[in-house]
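Here are the chains, one letter per residue:
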Amino acid sequence: NMIPVLSHLYTETLGNWSLGLFYAGVIATLYGTVFAGTASLSRLLADFCRLAGWYPAGDLRAWCRWRDAFTVIQVVVSVILFLAFASPVQLVRIGGTGQALLLPVLAVSVLYVHQKRTPREVRPSGGQIAGLWFASLAIVALMTFYAVLL
């Protein structure tokens, strides 16, 4: 139901000729998102496994094995979720909720890396640091607010 409603917006504005262009854009966007997301998360998780000490640093073969395993796991889990819910709108909601829950973790991680790991010679200026703290605290505060409401 979501795709026909969105396509109607395009065809109503641009004309019926734009329907094929809209569908081509949908396919390209969704494919690119899935491809990039799967590739990046599998690499991130493989790096996490190295940081957790599950294989030695510099062992490229182990890193590739972990990356490949996480790639397969992501695809299998995605198919299972699609078959279980069979509702693209519900899957978008689940994905959005999962990403929203990660925002405070990312905000705190960025502050930690900035404070503890960033060399002085490449640290940003005072205004940028203030913006970083403001944005991070706002994210944590808003997520806490929404968590309390739910």
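Not measured: the values here are computed from a predicted model. (Residues numbered from 1 in each chain as written. Predicted model: local features only at pLDDT ≥ 70, side-chain atom pairs only at ≥ 80, totals over all residues. Heavy atoms only, no water.)

> Account for the overall build of the chain, naming residues and giving values.
Helix and strand counts for the chain come out as five helices and zero strands. Tracing the chain from N to C terminus, the helices and strands come up as α-α-α-α-α. Against the 2.2 N^0.38 benchmark of 15 Å for 150 residues, the chain shows a C-alpha radius of gyration of 21 Å, more extended than a compact globule. For the chain, the spread of C-alpha atoms along the principal axes amounts to about 55 × 45 × 35 Å. Expressed as a percentage of the 150 residues in the chain, the buried residues total 15%. In the chain, of all internal contacts separated by at least 6 residues, the share reaching a separation of at least 24 is 37%. Counting only carbon and sulfur atoms, one obtains 72% of the accessible surface of the chain, whose full area is about 11400 Å². Across the chain, 10 positive and 5 negative side-chain charges occur, with their mean positions spaced 9 Å apart. (Helix = DSSP H or I, 4+ residues; strand = E, 2+ residues; numbered from the N terminus. Rg over C-alpha atoms; globule rule 2.2 N^0.38 Å. Buried < 20%, exposed > 50% of the residue type's maximum accessible area, 1.4 Å probe, protein only. Contact = heavy atoms within 4.5 Å. Areas by Shrake-Rupley, 256 points an atom, 1.4 Å probe, with all protein chains shown as cover. Lys, Arg positive; Asp, Glu negative; His and termini not counted. Charge placed at Lys NZ, Arg CZ, Asp CG, Glu CD.)

> Any details on the nonpolar core? Residues and values, ideally.
The biggest cluster of nonpolar side chains holds six residues, and these are Ala46, Cys49, Tyr55, Ala62, Trp63 and Phe70. Listing elements by their share of this core, those giving two or more residues are helix H2 (18-51) and helix H3 (60-85). Ignoring anything within four residues of it in the chain, the contact list for Trp63 reads Arg43, Ala46, Asp47 and Tyr55. (Core = buried A, V, L, I, M, F, W, Y, C linked by side-chain atoms within 4.5 Å.)

> Describe the environment of Thr29, with residues and values.
Examined against the element boundaries, Thr29 turns out to sit in helix H2. In this structure the side chain of Thr29 is engaged in a polar contact, spanning 2.7 Å, whose partner is the backbone oxygen of Gly25. (Polar contact = N/O pair within 3.5 Å; in protein donor to acceptor, adjacent residues only side chain to side chain.)

> Provide a residue-level description of the confidence of the model for the chain, including the pertinent values.
Confidence along the chain averages 90 in pLDDT terms, with 99% of residues attaining 70 or more. Within the chain, helix H1 (residues 2-14) has the poorest average pLDDT of any element, 83, and H3 the best, 94. (pLDDT = per-residue confidence, 0-100.)

> Requested: an account of a nonpolar patch on the surface, with residues and values cited.
On the surface, a nonpolar cluster with roughly 860 Å² of combined accessible area is contributed by Met2, Leu6, Leu9, Tyr10, Leu14, Trp17, Leu21, Val89 and Val92. Contributing elements (two or more residues each) for the nonpolar patch: H1 and helix H4 (88-117). Looking at the nonpolar patch, the element that brings in the most residues is H1, giving five residues. Examined against the element boundaries, Leu14 turns out to sit in helix H1. Leu14 sits in the partly exposed class, given a relative accessible area of 42%. (Patch = residues over 30% accessible without salt bridge, like charges linked within 9 Å, V, L, I, M, F, W, Y side chains within 5 Å. Salt bridge = Lys/Arg side-chain N within 4 Å of Asp/Glu carboxyl O.)

> Could you give an account of the environment of Ser7, naming the residues involved and the relevant values?
For Ser7, the location among the structural elements is in helix H1. Note on Ser7: relative accessible area 7%, which makes it buried. In sequence terms Ser7 and Trp66 are 59 residues apart; their C-alpha atoms lie 40 Å from each other.

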